[in-house]
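Letter by letter, the chains look like this.
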Amino acid sequence: MNQMLISDFPLAFSGRLAKEIGVKEAIIYEYIKTCLSQENEDGWTRITYDQMQERLIFMSKKSIERKVKSLVARGYIYKETRGVTGFDRANWYALAKIK
């Protein structure tokens, strides 16, 4: 019996990065990096917190928001809100150079 028990979105992250910034932060960093490789607009990708939470089901939306805020404050990612209209409040993310 060689079947996967759960068909799901696989997660991979750097152990060294996790040691430096935390496991959840490293997971979010790598998720943003993956999104950038799939849809890249001048080095930025558009992701809502709800979209992140759909993929990172083991984290609450509030936890994701806190970890993103930490990554921005520590200089690992850049975050902008580029909504064209008042109801489009999706965030745009880019990776900073890792120190």
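Residues numbered from 1 in each chain as written. Predicted model: local features only at pLDDT ≥ 70, side-chain atom pairs only at ≥ 80, totals over all residues. Heavy atoms only, no water.

Student: How do you make sense of the nonpolar core when you look at a structure like this?
Tutor: Considering soluble globular proteins, one finds that nonpolar side chains tend to be buried as a cluster. Grouped together as the largest cluster of nonpolar side chains are 22 residues, with contacts concentrated most on Ile28, Ile32, Met52, Ile64, Val68 and Tyr93. Of all elements in the fold, only helix 1 (15-21), helix 2 (23-38), helix 3 (49-55) and helix 4 (61-73) reach the threshold of two or more residues within this core. The element contributing the most residues to this core is helix 2, with 8 residues. In this structure Ile32 touches Thr45, Ile47, Met52, Ile77, Tyr93 and Leu95, once residues within four positions along its chain are discounted. (Core = buried A, V, L, I, M, F, W, Y, C linked by side-chain atoms within 4.5 Å. Buried < 20%, exposed > 50% of the residue type's maximum accessible area, 1.4 Å probe, protein only. Helix = DSSP H or I, 4+ residues; strand = E, 2+ residues; numbered from the N terminus. Contact = heavy atoms within 4.5 Å.)

Student: I tried to follow the pattern of salt bridges on my own but got confused; where do I start?
Tutor: Pairs may arise between side chains of opposite charge once their charged atoms sit close together. Summed over the entire model, instances satisfying the criterion amount to 4 salt bridges. Lys61 is paired through a salt bridge with Asp50; the nearest N and O atoms lie 3.2 Å apart. Highlighted residues: Lys61 in helix 4 and Asp50 in helix 3, separated in sequence by 11 residues. Looking at Asp50, the relative accessible area reads 44%, which means it is partly exposed. (Salt bridge = Lys/Arg side-chain N within 4 Å of Asp/Glu carboxyl O.)

Student: Mind showing me how you'd approach helix 4 here?
Tutor: In an α-helix, one full turn covers 3.6 residues, which means residues spaced three or four apart are oriented alike. Counted at 1.5 Å a residue, the expected span for helix 4 with its 13 residues is 18 Å, and the 18 Å between its end C-alpha atoms agrees. Along helix 4, the residues that are buried comprise Ser63, Ile64, Val68, Ser70 and Leu71. One face of helix 4 carries all of its buried residues, which in axial projection span an arc of 160°. Seen from the open side of helix 4, the exposed residues pointing more than 90 degrees away from its buried face are Lys62, Arg66, Lys69 and Ala73. Contacts made by the buried residues of helix 4 are with helix 1, helix 2, helix 3, strand 2 (77-81) and strand 3 (91-95). (Expected span 1.5 Å × (residues − 1). Arc of directions from axis to C-beta.)

Student: Explain the confidence of the model for the protein here, please?
Tutor: Close inspection of predicted coordinates is inappropriate in any region flagged by low pLDDT. Per-residue pLDDT for the protein has a mean of 84; in total, 79% of the residues score no lower than 70. Highest mean pLDDT in the protein belongs to helix 4 (97); lowest belongs to strand 1 (residues 45-47) (89). (pLDDT = per-residue confidence, 0-100.)

Student: What's the story with the environment of Lys97 in this structure? I'm lost.
Tutor: Among the structural elements, Lys97 can be located in the segment after strand 3. Sequence-wise, Lys97 and Tyr76 are 21 residues apart; in three dimensions their C-alpha atoms are separated by 7.0 Å.

Student: Would you take a moment to explain the packing of helix 2 against helix 4 for this structure?
Tutor: In helix packing, the relevant descriptors are the interaxial angle and the interaxial distance, both defined with respect to the helix axes. It is at 10 Å that the axes of helix 2 and helix 4 come closest, and there the two elements cross at 85°. Here helix 4 runs roughly perpendicular to helix 2, going by the angle between their axes. Counting all contacts with helix 2, which are made through Lys24, Glu25, Ile28 and Tyr29, the residues of helix 4 involved are Ser63, Ile64, Lys67, Val68, Ser70 and Leu71. Partitioning the contact of helix 2 with helix 4 into residue classes produces 5 nonpolar, 2 polar and 3 charged. (Axes fitted to C-alpha atoms, helices over the stretch in contact; angles between N-to-C directions. Parallel < 35°, antiparallel > 145°, perpendicular 65-115°, else oblique. Nonpolar A, V, L, I, M, F, W, Y, C, P; charged D, E, K, R; others polar.)

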